[in-house]
Amino acid sequence: MVNTLSVRNHIKEIRLERGIKQIKMAEDLQVTRQTLTAVENAKYNPSLELALKIAEYFDLSVHDIFILEEEIK
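Owing to the predicted nature of the structure, the values given are computational and were not obtained by experimental measurement.

Cut-off values and rules
Residues numbered from 1 in each chain as written. Predicted model: local features only at pLDDT ≥ 70, side-chain atom pairs only at ≥ 80, totals over all residues. Heavy atoms only, no water. Salt bridge = Lys/Arg side-chain N within 4 Å of Asp/Glu carboxyl O. Helix = DSSP H or I, 4+ residues; strand = E, 2+ residues; numbered from the N terminus. Buried < 20%, exposed > 50% of the residue type's maximum accessible area, 1.4 Å probe, protein only. Core = buried A, V, L, I, M, F, W, Y, C linked by side-chain atoms within 4.5 Å. Phe/Tyr/Trp six-rings, centres within 6.5 Å; stacked < 30°, edge-to-face > 60°.

Asker: Provide a residue-level description of the pattern of salt bridges, including the pertinent values.
Answerer: Under the criterion given, the structure shown has 4 salt bridges. Across the pair D28 and K24 runs a salt bridge, and its minimum N-O distance is 2.9 Å. On the criterion of helical spacing, the pair formed by D28 and K24 is a turn pair, its members being 4 residues apart in helix 2 (residues 22–29). What makes D28 partly exposed here is its relative accessible area of 36%. Accessibility expressed as a relative area gives 43% for K24, which makes it partly exposed.

Printed below as a string of structure tokens:
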């Protein structure tokens, strides 16, 4: 068995709770909707800059949005 780390996030849940459309958030953060979709679905880890922008956008800490999880494979 190998332990690996993966990053999960709560971006989609937070965005939906706040009634923010994905395209609006992408435009506000100056990224494509496709990029935001990939980040929301954990297919792509955002750069540190984008992670900080997302945290600022929601007025939350990075730790409130992103979770580092250990996976056993």
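Asker: Before we move on, can you summarise the nonpolar core with the specific residues and values?
Answerer: Core analysis: the biggest nonpolar cluster contains 15 residues, and I11, M25, I54, F58, I65 and F66 have the highest contact counts within it. For this core, the secondary-structure elements that each account for two or more residues are helix 1 (11–17), helix 2, helix 3 (33–40) and helix 4 (48–58).

Asker: Outline unusual backbone geometry, listing residues and values.
Answerer: At A42, a residue that is not glycine, the phi angle is positive and equals roughly 55°. Although it is not a glycine, D59 sits at a positive phi angle of roughly 55°. Mapped onto the secondary structure, D59 falls in the loop between helix 4 and helix 5 (62–65).

Asker: I'd love a proper account of the packing of aromatic side chains, names of residues and values included.
Answerer: Applying the stated criterion to the full structure yields 1 aromatic pair. Taken together, a centroid distance of 5.6 Å and an interplanar angle of 70° make the contact between Y57 and F58 edge-to-face. Given the relative accessible area of 2%, F58 is considered buried.

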